[in-house]
Amino acid sequence: MNDIQELVDLLTSSQLRVSTGLWLLPLEYIGNEEDEAHRLGIEPIDIRTRLLQSLPEGTKFSGLTPDSIFSLIDKESQESGDWPGVMIYNLDLLISRLTSTDQAIIWQDLFTALPHRRRGVLLTIPETAENLFPSKEIINELTKEHRIIKTNPTK
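Summarised in this report is the structure supplied together with it. All values derive from a computational prediction rather than experimental measurement.

### What about the sheet that holds strand β1 (residues 20-25)?
Part 1: The strand order β2-β3-β4-β1-β5 describes an open sheet built from five strands, whose pairing is parallel. Strands with a single pairing partner mark the edges of an open sheet, and in this sheet they are β2 (43-46) and β5 (148-149).
Part 2: Summarising the sheet, strand β3 (residues 85-89) and strand β4 (residues 120-126) pair through four bridges and their orientation is parallel. Looking at the pairing, M87 lines up with L122 of β4.
Part 3: Contacts from helix α2 (residues 33-40) reach β1, β2, β3 and β4 within the one sheet, and its direction differs from that of β3 by about 160 degrees.
Part 4: Contacts from helix α3 (residues 47-54) reach β2 and β3 within the one sheet, and its direction differs from that of β2 by about 60 degrees.

Okay, structure coming up:
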């Protein structure tokens, strides 16, 4: 798959058991994620903002864990609304705070433990943040399932 719209269409169809995909976001899109999501017909979600909104007032530490990140994304995938899918951005800022073991856990969960959700989920990570990418095994599996895209050649 080499077109981001094809990936979004796949994720927002009912063809997949787990409708979670990954876009290795080109640097020129950083800061323009909302515009890109709207262009693709999906809701933009700044996951960092959602995390901050979910914390009780006066909280000084987020207690960031794979479970807390997973819960935030799961909640967005289950929301009803006008959008058939969501584009989650700034995920790299949360994942970078986890240990490598916890990073492996969250990636595994995001691509296997969100079956039959109301909305497709397009996760984004800057293409240069290779240290935060899922394992090679997960990337290979996503590639076979056409659930990953490395660039957007249409822009």
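### Some thoughts on unusual backbone geometry
Part 1: Positive phi, close to 70 degrees, is recorded for N90, a residue that is not glycine.
Part 2: By the element assignment, N90 lies in the loop between β3 and α5 (91-95).
Part 3: We classify N90 as buried; its relative accessible area is 16%.
Part 4: Although it is not a glycine, H146 adopts a positive phi angle of roughly 60 degrees.
Part 5: Of note, H146 is situated in the loop between α7 (136-144) and β5.
Part 6: Its relative accessible area of 41% is what places H146 among the partly exposed residues.

### Regarding the pattern of salt bridges
Part 1: Taken as a whole and judged by the stated rule, the model has eight salt bridges.
Part 2: Between E36 and R39 there is a salt bridge, with its nearest N and O atoms 2.7 Å apart. In this pair, E36 and R39 are both assigned in helix α2, three residues apart and thus about one turn of the helix distant.
Part 3: The partly exposed category is assigned to R39, whose relative accessible area is 41%.
Part 4: The closest approach of N and O atoms between R119 and E76, which form a salt bridge, is 3.7 Å. Placement of R119 in the loop between α6 (100-112) and β4 and of E76 in helix α4 (residues 66-78) is noted, with a sequence separation of 43 residues between them.

### Structural notes on the packing of α3 against α4
The description of two packed helices rests on the angle between their axes and on the distance between the axes.
Part 1: α4 packs onto α3 with a crossing angle of 105 degrees between their chain directions and a minimal axis gap of 10 Å. Between α3 and α4, the interaxial angle falls into the category roughly perpendicular. On α4, the residues touching I47, R50, L51 and S54 of α3 are L72, I73 and E76.
Part 2: Looking at side-chain class alone, the contact of α3 with α4 contains four nonpolar, one polar and two charged residues.

Conventions used here
- Residues numbered from 1 in each chain as written.
- Predicted model: local features only at pLDDT ≥ 70, side-chain atom pairs only at ≥ 80, totals over all residues.
- Heavy atoms only, no water.
- Pairing = 2+ DSSP bridges.
- Helix = DSSP H or I, 4+ residues; strand = E, 2+ residues; numbered from the N terminus.
- Contact = heavy atoms within 4.5 Å.
- Axes fitted to C-alpha atoms, helices over the stretch in contact; angles between N-to-C directions.
- Buried < 20%, exposed > 50% of the residue type's maximum accessible area, 1.4 Å probe, protein only.
- Salt bridge = Lys/Arg side-chain N within 4 Å of Asp/Glu carboxyl O.
- Parallel < 35°, antiparallel > 145°, perpendicular 65-115°, else oblique.
- Nonpolar A, V, L, I, M, F, W, Y, C, P; charged D, E, K, R; others polar.

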